[in-house]
Amino acid sequence: QKEVEQDPGPLSVPEGAIVSLNCTYSNSAFQYFMWYRQYSRKGPELLMYTYSSGNKEDGRFTAQVDKSSKYISLFIRDSQPSDSATYLCAMRSGNQFYFGTGTSLTVIP
Amino acid sequence: DTAVSQTPKYLVTQMGNDKSIKCEQNLGHDTMYWYKQDSKKFLKIMFSYNNKELIINETVPNRFSPKSPDKAHLNLHINSLELGDSAVYFCASSQGGVSGANVLTFGAGSRLTVL
């Protein structure tokens with residue numbers, strides 16, 4: 001079983017839709033939770049990171065962590081074509097980072 | 001003012017050749033990483049150095065040899081290239097430690113194609 005599970009999609013939504021991306025994990029030692037966005041032929045860039053259970057909001061993006069269920073989510077409101085990318089969840093324990101397989105998102109104008 | 005820079009960006013070579021990828025970061029981070037990303041976008045850790053000391057060495061063929069001359073540089077040398085080595089290799093850096101500031105900053109990637 002992988003440390004981090006993420007539905008690879010692909011996910012295709014119309015512009016303006018609310019997008020929900022999710023990851024589950026098995027290791028209780030994970031303390032920090034991150035979402036990276038990767039455009040085609042680019043490196044992953046950090047979108048959000050959280051520590052505790054609960055919600056963290058940044059503009060149209062909301063990261064949610066439920067440590068009791070070992071489940072994290074990223075919500076994108078009012079999705080835009082520029083949000084089309086692969087979204088990778090990542091988790092950290094000490095100096096070790098563990099990534100999901102990424103979800104490919106396309107927002108159709 | 002690029003934070004993490006890798007060279008070359010593209011590398012096309014024949015099987016059996018030896019090649020190197022270089023990485024430099026100007027963020028003042030003390031930990032650097034090499035990741036391999038396959039065609040399905042999965043990021044697999046290969047190596048990590050903290051202040052020039054190897055701290056993560058995953059199950060990687062010994063044809064791959066990292067070298068860190070100082071904490072701002074981490075290079076990857078690959079001997080006897082094989083078809084299966086074709087992938088995108090990402091360098092990343094982080095502040096290290098257990099605080100919340102320890103997040104990865106990635107370079108743009110080096111796309112290696114072995115023919």
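K.L.:
Could you clarify how one ought to interpret the overall build of chain A in this entry?
P.N.:
A count of helical and extended segments in chain A gives zero helices and 11 strands. Ordered by position from the N terminus, the helices and strands of chain A form the series β-β-β-β-β-β-β-β-β-β-β. What you see for chain A is a C-alpha radius of gyration of 13 Å, in line with the 13 Å of a compact globule of 109 residues. Counting only C-alpha atoms and orienting by the principal axes, one finds that chain A spans roughly 40 × 30 × 20 Å. Residues counted as buried form 43% of the 109 residues belonging to chain A. The contacts of chain A with a sequence gap of at least 6 include a subset with a gap of at least 24, amounting to 53%. Total accessible area computed for chain A in this model is approximately 5000 Å², and 48% of it derives from carbon and sulfur atoms. The distance from the centre of the 10 positive side-chain charges to the centre of the 10 negative ones in chain A is 6 Å.

K.L.:
So what exactly am I meant to see when it comes to the overall build of chain B here?
P.N.:
Each helix and strand in chain B was counted, giving zero helices and 11 strands. Its helices and strands in sequence order give chain B the pattern β-β-β-β-β-β-β-β-β-β-β, from N to C terminus. In terms of overall dimensions, chain B is globule-like: its C-alpha atoms have a radius of gyration of 14 Å, near the 13 Å expected for 115 residues. Counting across all 115 residues of chain B, residues that qualify as buried make up 43%. The contacts in chain B between residues at least 6 apart in sequence include a share of 54% that link residues at least 24 apart. For chain B, the exposed surface amounts to about 5500 Å²; the carbon and sulfur share of it is 50%. Distance between charge centroids for chain B: 5 Å, based on 12 positive and 10 negative side chains.

K.L.:
Mind showing me how you'd approach the state of the cysteines here?
P.N.:
Here a disulfide denotes a covalent bond joining the sulfur atom of one cysteine to the sulfur atom of another. With the rule as written, the count across this model stands at two disulfides over all chains. The disulfide partner of A:Cys23 is A:Cys89, and the gap between their sulfur atoms is 2.0 Å. Around the S-S axis, the bridge from A:Cys23 to A:Cys89 shows a dihedral of about -100° and counts as left-handed. On the criterion of sequence distance, the pair formed by A:Cys23 in strand S3 (residues 19-25) and A:Cys89 in strand S9 (residues 85-93) is long-range, its members being 66 residues apart. Residue pairing for B:Cys23: its cysteine sulfur links by disulfide to B:Cys91, the two sulfurs lying 1.9 Å apart. Residues B:Cys23 and B:Cys91 are joined by a disulfide whose S-S torsion is about -80°; by sign, that bridge is left-handed. Separated by 68 residues along the polypeptide, B:Cys23 in strand S3 (residues 19-25) and B:Cys91 in strand S9 (residues 87-94) bring together distant segments of the chain. Side by side, B:Cys23 and B:Cys91 carry an identical accessibility label, which is buried.

K.L.:
In this structure, what is going on with the pattern of salt bridges? I would like to understand it.
P.N.:
Proximity of charged atoms lets side chains of opposite charge pair with each other. All chains considered together, the criterion is met by five salt bridges over all chains. When the shortest N-O distance is used, the salt bridge between A:Glu45 and A:Arg37 registers 3.1 Å. Residue A:Glu45 is classed as partly exposed on the basis of its relative accessible area, which comes to 32%. Here A:Glu57 ties to A:Arg77 by a salt bridge, and the two come within 3.5 Å at their closest N and O atoms. One end of the pair, A:Glu57, is in strand S6 (residues 54-58); the other, A:Arg77, is in the loop between strand S8 (71-76) and S9, and 20 residues separate them in sequence. Bridged by salt links that share partners, the residues B:Arg63, B:Glu82 and B:Asp85 form one connected network.

Conventions we followed
- Residues numbered from 1 in each chain as written.
- Chains lettered and ligands numbered in written order.
- Predicted model: local features only at pLDDT ≥ 70, side-chain atom pairs only at ≥ 80, totals over all residues.
- Heavy atoms only, no water.
- Helix = DSSP H or I, 4+ residues; strand = E, 2+ residues; numbered from the N terminus.
- Rg over C-alpha atoms; globule rule 2.2 N^0.38 Å.
- Buried < 20%, exposed > 50% of the residue type's maximum accessible area, 1.4 Å probe, protein only.
- Contact = heavy atoms within 4.5 Å.
- Areas by Shrake-Rupley, 256 points an atom, 1.4 Å probe, with all protein chains shown as cover.
- Lys, Arg positive; Asp, Glu negative; His and termini not counted.
- Charge placed at Lys NZ, Arg CZ, Asp CG, Glu CD.
- Disulfide = S-S within 2.5 Å.
- Salt bridge = Lys/Arg side-chain N within 4 Å of Asp/Glu carboxyl O.

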